[in-house]
Amino acid sequence: MYYLQLYFSLISAGLRSQMQYKISFILRVAGHLVITTSEFIAIVFIFGKFSHIKGWSLWEVGLLYGMTSVSFALAEMFGRGFHVFDGMIRLGTFDRVLLRPTGVFVQILAAEVDIRRLGRLTQGIVVIIISWYMLGLRANPIMIIFLAAAVVSGMIFYMALFIAGAAMCFWSVQSTELPNMLTYGGVEASSYPISAYKGWFRNTLIFVIPLAFINYFPALYILDKPDPLGLPYFMRFLFPLAAAVVTIPAIKFWNYGVQHYKSTGS
């Protein structure tokens with residue numbers, strides 16, 4: 001309870017800071033909305049040339065894209081402290097975090113709550129709603145809860161990648177390209193059906209970095225669509241497990257890095 005209260009107190013302070021210049025804030029949110037909207041427009045242009053991709057229509061891919069976009073927007077919004085953690089290491093400000101009599105993890109988690117990501121979040125939600133309507137999907141409570149659970153699992157999954165990337169900074173000092181490849185590259189890859197990829201890459205997204213579990217398999221269930229890969233039906237419900245499989249090692253890696261941290265001396 002103490003850490004929860006601390007987290008919300010730190011978030012509240014950060015939000016008040018970001019809202020000091022309201023016009024600037026609105027323009028940045030709007031700019032982010034326009035930029036992310038252009039990503040989906042690019043998908044629409046692709047379907048202007050092809051009627052489907054491996055049996056997936058525009059709005060089926062739109063559902064995949066929207067789920068990924070919302071999950072990643074939430075991860076960027078609430079996990080940005082880890083995403084920009086390399087700056088704290090370079091400037092030596094992480095030392096001050098260690099001196100405070102409270103949890104290090106909570107402090108970093110609440111350090112950079114970025115509500116500018118409302119632009120991507122809004123765009124992703126709109127794409128999901130339009131795709132849902134165009135596909136004539138059921139809007140019963142069970143399906144909505146299933147969709148929300150999958151999106152939250154995706155958020156946790158991407159946040160875990162941010163945490164692991166931050167932990168690497170204890171040894172590399174600054175962020176490497178590997179975390180960006182897994183996060184931004186993962187967002188791009190998971191915006192399309194994995195059945196469209198080569199076997200080795202497809203297997204990577206299923207068994208190595210299980211991005212397929214955060215939107216592809218749940219989308220198969222929502223769409224009541226057969227899996228062209230012929231994988232077991234129960235895999236459509238394993239998204240919480242996939243999030244846990246990535247998150248638990250990421251947090252352990254982070255804790256290990258904190259315990260072995262040596263000041264930069266700056």
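What you see is a predicted model, and the numbers here were worked out from it, not measured in a lab. (Residues numbered from 1 in each chain as written. Predicted model: local features only at pLDDT ≥ 70, side-chain atom pairs only at ≥ 80, totals over all residues. Heavy atoms only, no water.)

Trainee: Is there a simple way to explain the side chain of S153 in this structure?
Mentor: Tracing the backbone shows S153 in helix α8 (residues 141-172). Judged by relative accessible area, which is 7%, S153 ranks as buried. Setting aside chain neighbours within four positions, we find S153 in contact with F239, P240 and A243. (Helix = DSSP H or I, 4+ residues; strand = E, 2+ residues; numbered from the N terminus. Buried < 20%, exposed > 50% of the residue type's maximum accessible area, 1.4 Å probe, protein only. Contact = heavy atoms within 4.5 Å.)

Trainee: Is there a simple way to think about the pattern of salt bridges in this case?
Mentor: Oppositely charged side chains are able to pair whenever their charged atoms sit close together. In total, this model carries 4 salt bridges according to the counting rule given. We note a salt bridge from R120 to E39, for which the minimum N-O separation is 3.3 Å. With R120 in helix α7 (residues 118-135) and E39 in helix α2 (residues 22-49), this residue pair connects regions lying 81 residues apart in the sequence. Taking the relative accessible area as the measure of exposure, E39 reaches 30% and is therefore partly exposed. Across the salt bridge formed by R90 and D86, the nearest N and O atoms sit 2.9 Å from each other. Highlighted residues: R90 and D86, both in helix α4 (residues 85-91), separated by 4 residues, approximately one helical turn. Look at R90 and you get partly exposed, because its relative accessible area is 42%. (Salt bridge = Lys/Arg side-chain N within 4 Å of Asp/Glu carboxyl O.)

Trainee: Got a minute to help me understand α7 in this structure?
Mentor: For an α-helix, 3.6 residues make a turn, and residues three or four places apart therefore share a direction. The end-to-end C-alpha distance of α7, which contains 18 residues, comes to 25 Å, matching closely the 26 Å that a straight helix rising 1.5 Å per residue would cover. Residues of α7 that are buried: G119, R120, L121, Q123, G124, V127, I128, S131 and W132. Taken from the residues just after α7, G136 is the one with a positive phi, measuring 65 degrees. (Expected span 1.5 Å × (residues − 1).)

Trainee: Explanation requested: the nonpolar core in the structure shown.
Mentor: Within soluble globular proteins, side chains that are nonpolar tend to cluster in buried spots. Ranked by size, the top nonpolar core spans 75 residues in total, and within it L63, F85, F94, I108, F170 and W254 carry the most contacts. The element that contributes the greatest number of residues to this core is α8, accounting for 18 residues. Among residues more than four places away in sequence, those in contact with F85 are F94, I108, A166, C169, F170 and W254. (Core = buried A, V, L, I, M, F, W, Y, C linked by side-chain atoms within 4.5 Å.)

Trainee: Can you walk me through the packing of helix α3 (residues 58-83) against α7 in this structure?
Mentor: Pairs of packed helices are described in terms of their axes, by the angle between the two and the distance that separates them. Relative orientation of the contacting elements α3 and α7 amounts to 155 degrees, with a least axis distance of 8 Å. In terms of axis orientation, α3 runs roughly antiparallel to α7. Crossing handedness for the pair α3 and α7: left-handed. A per-class count over the contact of α3 with α7 returns 18 nonpolar, 6 polar and 3 charged. (Axes fitted to C-alpha atoms, helices over the stretch in contact; angles between N-to-C directions. Parallel < 35°, antiparallel > 145°, perpendicular 65-115°, else oblique. Left-handed = near helix turned anticlockwise from the far one by under 90°. Nonpolar A, V, L, I, M, F, W, Y, C, P; charged D, E, K, R; others polar.)

Trainee: Just to check I follow, could you spell out helix α11 (residues 216-223) for this structure?
Mentor: Counting buried positions along α11 yields 7 of 8 residues, so the element is predominantly enclosed. Those residues of α11 that sit buried are Y216, F217, P218, A219, L220, I222 and L223. Contacts from the buried residues of α11 go to α3, α7, α8, α10 (199-208) and α12 (239-259). Within two residues after α11, D224 carries a phi angle of roughly 55 degrees, on the positive side.

Trainee: Where do I start with the environment of P228 in this structure?
Mentor: Relative to the helices and strands, P228 resides in the loop between α11 and α12. In this structure the C-alpha to C-alpha distance between P228 and S195, which are 33 residues apart in sequence, comes to 7.0 Å.

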